[in-house]
Amino acid sequence: MKRLRLVLWGVVAVVACLFGLFAFQLSRPKDDVVVSAMIGKPMPQFDLKPSVADRPGLSTRDLMDGKPKLVNVFASWCVPCAAEAEQLAALEQNGAVIVGIAIRDRPQDVAAFLQAYGNPFTRIGADDISEVQLSIGSSGVPETFVVDGKGIIRYQHIGDIRAENIPQLLQELRKAES
Amino acid sequence: MIAELGLAALWLAAALAGLQLFAAVIGLIGKGDDAEGAGIAGLVRPAAIVQALLCALSFGALLLLFARTDLSVLLVATNSHSMKPMIFKLAATWGNHEGSMLLWVSVMALSGGLIALVERRLPVRTMIATLGAQAFVGLGFYAFLLFSSNPFARLAEPVAEGQGLNPLLQDIGLAFHPPTLYFGYVGLSVAFSFAVGALLTRQVTPEFARVMRPWVLGAWSFLTIGITAGSYWAYYELGWGGWWFWDPVENASLMPWLAATALLHSASVLAARDALRAWTIMLGVVAFSMSMIGTFLVRSGILTSVHAFAVDPERGSFILALLTIYIGGALVLFALRANTVAEGERFSILSREGALVVNNVALSAILGIVLLGTLYPLLTEAFDVRVSVGPPYFNPVGAIFFLPMMLVLAVGPMLRWRNDRLERIRWSAIGLLALPVALAIGLGISLKIDLLPLLGMALSASVAIGSLMPLRGRALRRVPLATWGMVIAHFGVAVALFGMSADTAFQKERLVAARVGETVQDGPWSITLKSVEPVAGPNWTAIRATLLASYDGGPVQESHPQARSFWAPPQDTSESALLTRWNGQLYTVLGGEAEGDRWQLRLWWKPFVTWVWYGGVLIALGGALALIGRVSGDLKRRRAQARNIERRSAGDPLMENPA
C-alpha cells in the first residue's frame with residue numbers, strides 16, 4: 001500500500017511538471033517561424049548569364065566581394081513580385097545592394113517588368129530551369145536572402161517584402177556586415 | 001432581447017451551480033445519515049434539474065440568433081453570413097469557440113439534470129457528492145464562458161453583413177462532428193463526477209460501476225462516432241487522401257477515447273466481479289483529464305496544428321487553470337484516498353478479468369505513447385529545439401502494444417470470469433493464434449507488402465472470428481443485447497483494422513497533368529478527363545472537372561472534383577470527388593491549370609478504405625446496443641424491485657422472508 005501511495009504521488013508530481021510546462025509555454029510569445037536550414041551555409045557554386053542587356057549576370061564570386069547583399073528571387077510573371085517593387089526601391093535608397101535572380105523568364109518580359117516597376121538591381125542572373133533557386137532552398141517567388149560579404153546566407157525572407165519588413169531586412173544587412 | 005435572455009439564463013444557471021455545490025458541501029459535512037430531502041442537501045437535485053433547463057434555454061437562444069443571423073451580436077457577425085444555407089447557419093452556432101463552449105456547458109448541465117432526475121440506486125451521500133462534483137466542474141466552465149468568452153456580447157453598431165464561416169467548416173460533416181465529440185467529452189465528465197463522488201464517500205462498489213457504466217458507454221459511443229466522422233471529414237474535405245495524420249488535434253480526440261475504452265472494460269470488471277476498484281476510479285479521472293487536456297491543446301494554440309480553428313493564449317491560460325484545479329485536485333484526492341478504497345476481489349491470470357487487465361494495460365500504454373508523442377514537440381521547444389513527431393514514431397511504437405492487444409481481444413471474450421482452465425479453450429485459442437501467423441506468412445510470400453499492414457490484415461481475421469466466438473453454441477435470440485453490443489463492437493474493430501491495413505498496403509497514387517480527352521490508368525481504374533468547366537454555388541465559384549472512370553473495363557461512372565473559391569471570406573479549397581465501390585474508393589482531386597492546356601489531377605485508388613469508417617460505425621453501434629441493453633436491464637430490475645416493495649407493504653405472505 002505504501003508503494004502504491006508513492007507511485008500515486010509520483011503521478012501527481014509528473015502531472016504538476018506537465019502543467020508547469022504548459023504554463024511556461026503559454027507565457028512565452030508563440031514563434032511559429034521555421035528558420036531556414038540554409039542559414040549559415042555558403043551560397044552554392046553557380047554562374048548565371050545576364051537576364052537583361054543593361055545589367056551583368058550573377059555568379060557566386062560576385063557575392064564574395066566583402067559587401068553584404070540582398071539576393072532577390074523574382075519573376076516577371078509573379079504578381080507579388082510587382083507588389084514588392086516599391087519596397088525594394090526603398091531598401092535600395094537605404095543603401096542596400098540588391099542583386100536579382102530571375103526565375104524561368106524571358107529577357108524581353110524581364111525588361112518590360114523592370115521598365116514598369118523600376119530596377120533596383122545591380123546584377124540580374126537568369127535562372128531558366130530553377131537550378132539555383134532549388135539549391136538555395138527557395139520554394140517560390142518572391143524570396144529574399146541576406147548574404148554576407150563571404151557569400152554565407154544569413155537570413156531568408158519568404159514571400160513578398162511588406163513595408164513593415166524593411167527595418168528587419170536593413171538590420172540583418174548591418175548584422176551581416178560585422 | 002433574445003441575446004439578453006440567453007445571457008440572463010446562463011448567469012442564473014451559473015448561480016444554481018453555485019447553490020448546488022454549496023448545498024452538496026453542507027450535506028456532506030453534515031451528519032452521515034441525513035435522509036435525502038432533509039435540510040439544505042435536499043436542494044441539490046432540484047438545483048441540477050433547473051440548471052439544466054436554464055442552460056438549454058440559453059443554448060436555444062444562441063441557436064435562434066444564428067438562425068435569424070442577428071448581426072447586432074458579435075459572435076453571429078464574426079461567424080455567420082446571411083447568404084449561408086440554413087443548416088450551416090445553425091452549424092455555425094458551435095463552429096466557433098464561444099458557441100462550442102456554451103454547447104459543452106449545456107450538455108454538461110443536461111447530463112447533471114438527467115442524473116438528478118432518474119438515478120436512485122447510489123447511496124444518498126455518494127449521489128450528493130457526485131452532483132456536487134458535477135456542479136464544481138460546471139462552475140469553472142460557467143466562469144470561463146461568462147468572464148472570457150461571452151457568446152451573447154452585442155456590437156455597439158450592428159454590421160451590414162457577417163464575416164462568414166471558415167469555408168473548410170461549411171460542410172455537412174461539421175454539422176455533426178463537434179457536437180458528437182462534445183457529447184463524448186461531457187459524458188466523461190459525468191464519469192469523472194461519479195468517480196470523485198465515490199472517492200469522497202469511499203463507496204466504490206459494483207453498484208457504483210453499474211450506475212457509471214451507461215454514461216461511459218454513451219460517451220464512448222459518441223466519441224467513436226465523432227472520431228469516425230472527423231476522420232472521414234478530414235479525408236474528403238482536406239483533399240489529402242489520408243484518414244489519420246497523428247495531428248495534435250486528432251490525438252486530442254483519440255486520447256480520451258483510449259482512456260474511455262479502458263474505463264469501459266474495467267468498469268465491466270468492477271460491475272461483474274467487484275475487482276479493479278481503485279483502477280476504475282483512476283481511469284474515470286484520467287478519461288476526463290484527457291478530454292480537458294485535449295480541449296486545452298486545441299484551444300490554446302500551444303501546439304502547431306493543421307486545423308486549429310479557435311486559438312487564443314488567454315483562453316489557454318483559463319483552461320489551464322481549470323485543468324489544474326480539477327485534474328490536480330482529483331489526483332491529489334485519489335492519492336490521499338486510494339489506500340482506503342479496499343482492494344477488490346482476486347482473480348487468476350487466465351480469466352476474463354485477466355484478459356481485460358491486459359487490454360487495460362495495453363490501452364494505457366498506447367495512451368501514454370500518444371500523449372508523449374503529442375507533447376514531445378512542446379517539451380523540446382522549451383529547450384529551443386524544434387521537432388515534429390509523426391507516423392514514423394506513432395505507428396511502430398503504438399504497434400508494440402496494439403498488436404498483442406488484438407491477439408488478446410481475439411481470445412479474451414471466450415474466457416470465463418475469475419478462473420478458467422487452459423484445456424477448455426485450448427483448441428479455439430490455438431486456432432485463433434495460428435490463423436494470423438499462417439495468413440501473415442501466406443500473404444507475405446504471395447504479395448510484397450510492409451510488415452505492419454501485413455500483421456494488421458492477418459490479425460483482423462483472427463479478431464473477426466474471435467469476436468463471433470461468444471455467440472457459438474447459444475440460441476441467438478436469447479443472447480442479451482449487451483453481449484450483442486460487445487460482439488458487434490469487436491467485429492467492428494476487425495473491420496476497421498482490415499480497412500486501415502489494406503489501404504496502407506495496396507493504395508495506388510498518381511499525380512498527372514492531363515489534357516482534356518486524355519485517359520490515365522490508376523490501379524484497376526482507367527480515367528478519362530472529359531471536360532473542365534466553371535460552376536457557381538451560393539457563396540463560391542469553382543472550376544469543375546468531369547472525369548469518366550471505369551473499373552477494370554466495367555461501366556463508366558462520372559466523377560466531379562472541384563477547385564472552389566469562396567468569396568466570404570475569400571479562400572480556395574479543393575473538393576475531392578469519390579467513387580465508392582464495396583472494395584474501396586477512387587479519390588480524385590483537381591489541382592490548378594498546368595502549362596499547355598493541361599490540368600493537374602491527383603488520383604488515388606484506395607482499396608477497402610471505406611472499411612475504416614464502416615468499422616468505426618459498427619464499434620459505435622455496438623456501444624449503443626450495449627447501452628440500450630444495460631439501461632433496459634436496469635429499468636426491468638427497478639420495476640421488479642418496486643413491485644417487491646409494494647407487495648411487502650401490502651403484506652403479501654409469499655414475499656415474506658422466512659427468516
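Computed from a predicted structure; not experimentally measured. (Residues numbered from 1 in each chain as written. Chains lettered and ligands numbered in written order. Predicted model: local features only at pLDDT ≥ 70, side-chain atom pairs only at ≥ 80, totals over all residues.)

**Considering the overall build of chain A**
Reasoning step 1: What chain A contains, in helices and strands, is five helices and seven strands.
Reasoning step 2: Each helix (α) and strand (β) of chain A, taken in turn from the N terminus, gives the series α-β-β-β-α-β-α-β-α-β-β-α.
Reasoning step 3: Over its C-alpha atoms chain A spans a radius of gyration of 23 Å, topping by over 25% the 16 Å that the globule rule assigns to 178 residues.
Reasoning step 4: Dimensions of chain A, computed from the C-alpha atoms along their principal axes, are close to 85 × 30 × 30 Å.
Reasoning step 5: Across the 178 residues that make up chain A, the buried fraction comes to 34%.
Reasoning step 6: Considering only contacts within chain A whose residues lie at least 6 apart along the sequence, 76% involve residues at least 24 apart. (Helix = DSSP H or I, 4+ residues; strand = E, 2+ residues; numbered from the N terminus. Rg over C-alpha atoms; globule rule 2.2 N^0.38 Å. Buried ≥ 20, exposed ≤ 12 C-beta atoms within 10 Å, placed from the backbone. Contact = placed C-beta atoms within 7 Å.)

**Details of the environment of B:Phe183**
All names here are of chain B.
Reasoning step 1: For Phe183, the position within the fold is in helix 7 (residues 172–201).
Reasoning step 2: A sequence separation of 93 residues divides Phe183 from Leu90, and the C-alpha atoms of the two residues are 17 Å apart.
Reasoning step 3: Once residues lying within four places of it in the same chain are set aside, the contact partners of Phe183 are Val107 and Phe222.

**Notes on the sheet that holds strand 4 (residues 98–103) of chain A**
Residues and elements named next belong to chain A.
Reasoning step 1: The sheet built from five strands is open, its strands ordered 5-4-3-6-7 with mixed pairing. Every other strand in the sheet has two partners, leaving strand 5 (121–127) and strand 7 (153–158) as the edge strands with one partner each. Strand-to-strand twist across the sheet, computed as the mean angle between neighbouring axes with direction ignored, equals 20 degrees.
Reasoning step 2: With five bridges connecting them, strand 3 (residues 69–74) and strand 6 (residues 143–147) associate as antiparallel partners. Counterpart to Val73 in the pairing with strand 6 is Glu143. (Pairing = 2+ DSSP bridges. Axes fitted to C-alpha atoms, helices over the stretch in contact; angles between N-to-C directions.)

**Considering the sheet that holds strand 1 (residues 508–515) of chain B**
Residue and element names in this part refer to chain B.
Reasoning step 1: Strand order in the open sheet formed by four strands is 1-10-9-8, and the pairing between neighbours is antiparallel. Two strands bound the open sheet, and with one partner strand each, they are strand 1 and strand 8 (577–581). Sheet twist, expressed as the mean angle between neighbouring strand axes with direction ignored, is 20 degrees.
Reasoning step 2: In this structure, strand 1 lies alongside strand 10 (residues 598–607), joined through eight bridges in antiparallel fashion. Counted as the bridge partner of Val512 is Leu601 from strand 10.

**Points about the confidence of the model for chain B**
All names here are of chain B.
Reasoning step 1: In the predicted model, chain B carries a mean pLDDT of 86, and 93% of its residues have values of at least 70.
Reasoning step 2: In this model, residues 655–659 is a region of pLDDT below 50 whose contacts with residues beyond four sequence positions or in other chains number three contacts.
Reasoning step 3: Among the prediction metrics, the complex's ipTM stands at 0.73, with pTM recorded as 0.83. (pLDDT = per-residue confidence, 0-100.)

**Let's talk about the domain arrangement of chain B**
When the parts of a complex come together, some accessible area is lost, and that lost area is often taken as the interface size.
Reasoning step 1: Segmenting chain B into domains produces domain 1 (2–232 + 249–344) and domain 2 (509–608).
Reasoning step 2: The C-alpha-based centres of domain 1 of chain B and domain 2 of chain B are spaced at 42 Å. (Domains from an automatic or database assignment.)

**As for the interface of chain A and chain B**
Reasoning step 1: Counting residues at the interface gives 18 residues for chain A, matched by 22 residues for chain B.
Reasoning step 2: Tallied by class, residues from the side of chain A that touches chain B come to 14 nonpolar, one polar and three charged. (Nonpolar A, V, L, I, M, F, W, Y, C, P; charged D, E, K, R; others polar.)

**Notes on the nonpolar core**
Reasoning step 1: Core analysis: the biggest nonpolar cluster contains 182 residues, and B:Ala191, B:Val216, B:Ala259 and B:Ala260 have the highest contact counts within it.
Reasoning step 2: By residue number, the principal contributor to this core is helix 8 (residues 206–237) of chain B, which donates 16 residues.
Reasoning step 3: When neighbours within four sequence positions are excluded, B:Ala260 is seen to be in contact with B:Leu188, B:Val216, B:Ala219, B:Trp220, B:Leu223 and B:Ala287.
Reasoning step 4: In terms of nonpolar packing, the next biggest core, distinct from the first, is built from 36 residues, A:Ala75, A:Ile136, A:Val147 and A:Ala176 among them. (Core = buried A, V, L, I, M, F, W, Y, C linked by C-beta atoms within 7 Å.)

**Here's the deal with helix 9 (residues 248–273) of chain B**
Residues and elements named next belong to chain B.
Reasoning step 1: Its 26 residues place the ends of helix 9 37 Å apart at the C-alpha level, agreeing with the 38 Å of an ideal helix rising 1.5 Å per residue.
Reasoning step 2: Among the 26 residues of helix 9, 24 are classified as buried, and the element is accordingly described as predominantly covered.
Reasoning step 3: Residue Asp274 follows helix 9 closely and has a positive phi angle near 55 degrees. (Expected span 1.5 Å × (residues − 1).)

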